[in-house]
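# Structural features, examined
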Amino acid sequence: MSKQVVPVGTHPIEVGHYKLPTKEVLRLMENIKKIVMNRLPGMIVYGRPRLGKTTALKFAIENLPNYLQSPIPIFIANSNSYRVPSEEKFYSDLLYDFNFPFIARRKPGEMRNQIVNLLKEKAETSGTRRVIVIMDEGQNLTEAHYHWLIDIYNQLDRARISMSVICVGQEELLTRRTFFLGQRKSQIIGRFMTHEHRFFGITSLGDIKSILRCYDSSEISEYPENSNCSFTQYFFPEAYANGQRLEKDADIIYRQFMDLRKQHGVTSKLEIPMEYFTYAVENALKIYGAHGDKFEWITSQQWLEAIKITGYIESEIYMALALKEGTK
């Protein structure tokens, strides 16, 4: 391990800025690859809140070009919710999220042309004549929004540029698609909703092991750069040197999650949101590790406390009540 000094509070675990190539992230990237390779116009990606969909998107954006072995341009925008949607607001938001340098109040048609020209330029410069647009919080998109996206799609198509739109959001995306089916909105479904990807949380002991393995491996979670020091090693250097690994605690963590659910009467199928799981790991490393209480290693009780602090069980109880109310 390198002797590089890292100021306390600046480690990725402490600031919460890091991305792990989990099974779900890689599965998402594989499905996006199919969309791109087959020149399909769109796909919806959905799942319950806090599963890590947005983080997965960021990882995909950073790594997809290498994964595809193609410098395809990728743009991501947030689907903002307005009481009264308008073309001007929609196009202005897109220009802002696409980091367009000069955003000014213009007529909607002019703003759309700016978006089209930006996407066209990037697609042509890359040599792929392809562009991916990811709409985060896609459950906020209305029928009008989809028609405005179709206008952009058609303009690019006339310039022989292919655009794939990936809408990422909560399970309401499926409800929206069902509504469009009932309304015979085939132009929307055919372009953006024919293909779907269900994003899952952590559903098994095997999932927990694979994620913890990322924290243990310096090939995945190395910090500082070129230090050959994994996240686990950084916070528990002596225990790590003696062979301790977070992955070895997977059974303990799994049992604590299951016992906690049982104690609070949560009977739904296990699906731990990635956000709560990573919070639990971060809590354990920060509180009990080298910059915290300096314990030799994490005990079973300490894992339980690290999980409780995340608010996971409160969220599960709330979800169960919301589903119960929704079925009345």
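This text gives an overview of the structure that appears in the document. Bear in mind the structure is a predicted one, so any value in this text is a computation, not a measurement.

This part covers the environment of Ser92. With respect to the element layout, Ser92 can be found in helix H4 (residues 87–97). For the pair Ser92 and Arg106, spaced 14 residues apart in sequence, the C-alpha separation works out to 9.1 Å.

Turning our attention to the pairing of strand E3 (residues 130–136). Counting buried residues along E3, seven of its seven residues qualify, which places the element largely inside the surrounding structure. With burial as the criterion, each face of E3 is covered, one bearing Arg130, Ile132, Ile134 and Asp136 and the other bearing Val131, Val133 and Met135. Of the strand pairs in this sheet, strand E2 (residues 74–78) and E3 are connected by five bridges, and their pairing is parallel. For Ile76, the partnering residue across the bridge sits in E3 and is Ile134. Taken together, the seven bridges between E3 and strand E4 (residues 162–169) define a ladder with parallel strand orientation. Looking at E4, one finds that Arg130 is bridged to Ser162. Between the parallel pair E3 and E4, the chain is carried across by helix H6 (residues 143–158), and the sense of this crossover is right-handed.

Relative to the elements of secondary structure, Asp249 occurs in the loop between helix H12 (237–241) and helix H13 (250–263). No salt bridge is formed by the buried Asp249; the nearest opposite charge belongs to Lys248, separated by 8.7 Å. Other than its neighbours up to four places away in sequence, Asp249 contacts Trp297, Ile298 and Trp303.

What follows deals with helix H8 (residues 186–193). Ile188, Ile189, Phe192 and Met193 are the residues of H8 that are buried. The buried residues of H8 all sit within an arc of 100 degrees when viewed along its axis, so they share a single face. Residues of H8 that are buried in the fold lie against strand E1 (42–46), H6, E4 and helix H7 (172–182).

Another aspect to go through is the packing of helix H5 (residues 108–126) against H6. In the contact formed by H5 and H6, the axes pass within 10 Å of each other and the chain directions differ by 50 degrees. Of the possible angle classes, the one that applies to H5 and H6 is oblique. By crossing handedness, the relation of H5 to H6 is classed as right-handed. Contact residues: Arg112, Asn113, Ile115, Val116, Leu119 and Lys120 in H5; Asp151, Ile152, Gln155 and Leu156 in H6. Residues belonging to the contact of H5 with H6 are distributed by class as follows: five nonpolar, two polar and three charged.

Where helix H2 (residues 23–37) contacts helix H3 (residues 53–68), the two axes come as close as 10 Å, and the packing angle between them is 55 degrees. It follows that H2 is oblique to H3 by the angle criterion. Taken as a pair, H2 and H3 cross one another with a handedness that is right-handed. Judged by residue contacts, Val25, Leu26, Leu28, Met29, Glu30, Ile32, Lys33 and Val36 of H2 engage Ala56, Phe59, Ala60, Asn63, Leu64, Tyr67 and Leu68 from H3.

A few words now on the nonpolar core. With 40 residues, the main nonpolar core has Leu212, Tyr215, Phe236, Leu246, Phe277 and Leu285 as its most contacted residues. Listed by contribution, the elements that provide at least two residues to this core are helix H9 (205–216), helix H11 (231–235), H13, helix H14 (274–288), helix H15 (300–309) and helix H16 (312–326). With eight residues, the single largest contributor to this core is H14. For Leu212, the contacting residues outside a window of four places in its chain are Leu246, Glu247, Ala250, Ile253, Phe277 and Val281. Phe90, Phe180, Ile188 and Met193 belong to the second largest nonpolar core, which has 37 residues in total.

Throughout the structure, instances matching the rule amount to 13 salt bridges. Between Arg27 and Glu24 there is a salt bridge, and its shortest N-O distance comes to 3.0 Å. Residue Arg27 and its partner Glu24 are both found in helix H2; the two are separated by three residues, about one turn of the helix. Its relative accessible area of 9% is what places Glu24 among the buried residues. Glu316 is paired through a salt bridge with Arg261; the nearest N and O atoms lie 3.2 Å apart.

Attention now moves to unusual backbone geometry. In this structure, the amide linkage connecting Tyr223 to the following residue, Pro224, adopts the cis form with an omega of -5 degrees. Examined against the element boundaries, Pro224 turns out to sit in the loop between helix H10 (218–221) and H11. Not every positive phi belongs to a glycine, and Arg160 is a case in point at roughly 60 degrees. Along the chain, Arg160 falls in the loop between H6 and E4.

Cut-offs used in this document
Residues numbered from 1 in each chain as written. Predicted model: local features only at pLDDT ≥ 70, side-chain atom pairs only at ≥ 80, totals over all residues. Heavy atoms only, no water. Helix = DSSP H or I, 4+ residues; strand = E, 2+ residues; numbered from the N terminus. Buried < 20%, exposed > 50% of the residue type's maximum accessible area, 1.4 Å probe, protein only. Pairing = 2+ DSSP bridges. Right-handed = clockwise from strand over helix to strand, strands pointing away. Lys, Arg positive; Asp, Glu negative; His and termini not counted. Salt bridge = Lys/Arg side-chain N within 4 Å of Asp/Glu carboxyl O. Contact = heavy atoms within 4.5 Å. Arc of directions from axis to C-beta. Axes fitted to C-alpha atoms, helices over the stretch in contact; angles between N-to-C directions. Parallel < 35°, antiparallel > 145°, perpendicular 65-115°, else oblique. Left-handed = near helix turned anticlockwise from the far one by under 90°. Nonpolar A, V, L, I, M, F, W, Y, C, P; charged D, E, K, R; others polar. Core = buried A, V, L, I, M, F, W, Y, C linked by side-chain atoms within 4.5 Å.

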